[in-house]
Amino acid sequence: MGFLDRLRGGGRARTADFAYLREWTRTHRGVEAFVEPRTTVTDVSVALVAHDGEWTRRVVGERGAHRLSDELGIPVYDVRKVGYPQRMRDYDARRRIERRRAMLADD
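The model shown is predicted, which means the values in this text are computed figures rather than measured ones.

Caption draft 1: Inspection of the overall build of the protein at higher detail. A tally of regular secondary structure across the protein gives five helices and four strands. Sequence-ordered secondary structure for the protein, helices as α and strands as β, is α-α-β-β-β-α-β-α-α. For the protein, the residues scored as buried account for 32% of the 107 residues in total. When contacts within the protein are restricted to residue pairs at least 6 apart in sequence, long-range pairs at least 24 apart make up 56% of them. Here the protein has roughly 7,300 Å² of accessible surface; of this, 53% comes from carbon and sulfur atoms.

Caption draft 2: Looking closely at the environment of Ala65. Topologically, Ala65 is positioned in helix 3 (residues 61–72). The class of Ala65 is buried, set by a relative accessible area of 7%. Along the chain, Ala65 and Glu36 lie 29 residues apart, while their C-alpha atoms are 9.2 Å from each other. Not counting residues within four places of it along the chain, the set of residues in contact with Ala65 comprises Val35, Val44 and Val60.

The rules behind the values
Residues numbered from 1 in each chain as written. Predicted model: local features only at pLDDT ≥ 70, side-chain atom pairs only at ≥ 80, totals over all residues. Heavy atoms only, no water. Helix = DSSP H or I, 4+ residues; strand = E, 2+ residues; numbered from the N terminus. Buried < 20%, exposed > 50% of the residue type's maximum accessible area, 1.4 Å probe, protein only. Contact = heavy atoms within 4.5 Å. Areas by Shrake-Rupley, 256 points an atom, 1.4 Å probe, with all protein chains shown as cover.

Structure, rendered in structure tokens:
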């Protein structure tokens, strides 16, 4: 962890993020990790995708992405090379439909 990370509280945030990702992986089946590149807005992040397409995302940094694969024992892919899995897009589409139906039911 660099000096600027310490000033921003990055170490504590990353520790909490890793704890969250470990727990999420433990409570979901068929989890795969998709490492996302650094952008002008965020550092390297990872999207965890379960067998049913449910997903979560956290910023982990470059070293954290490598550590994650070793620690969680799950397949890790570079999203720039393989893209996101179709099941992730399908999950999002189902969620949109469910939200629309819930809004209509409230009317």
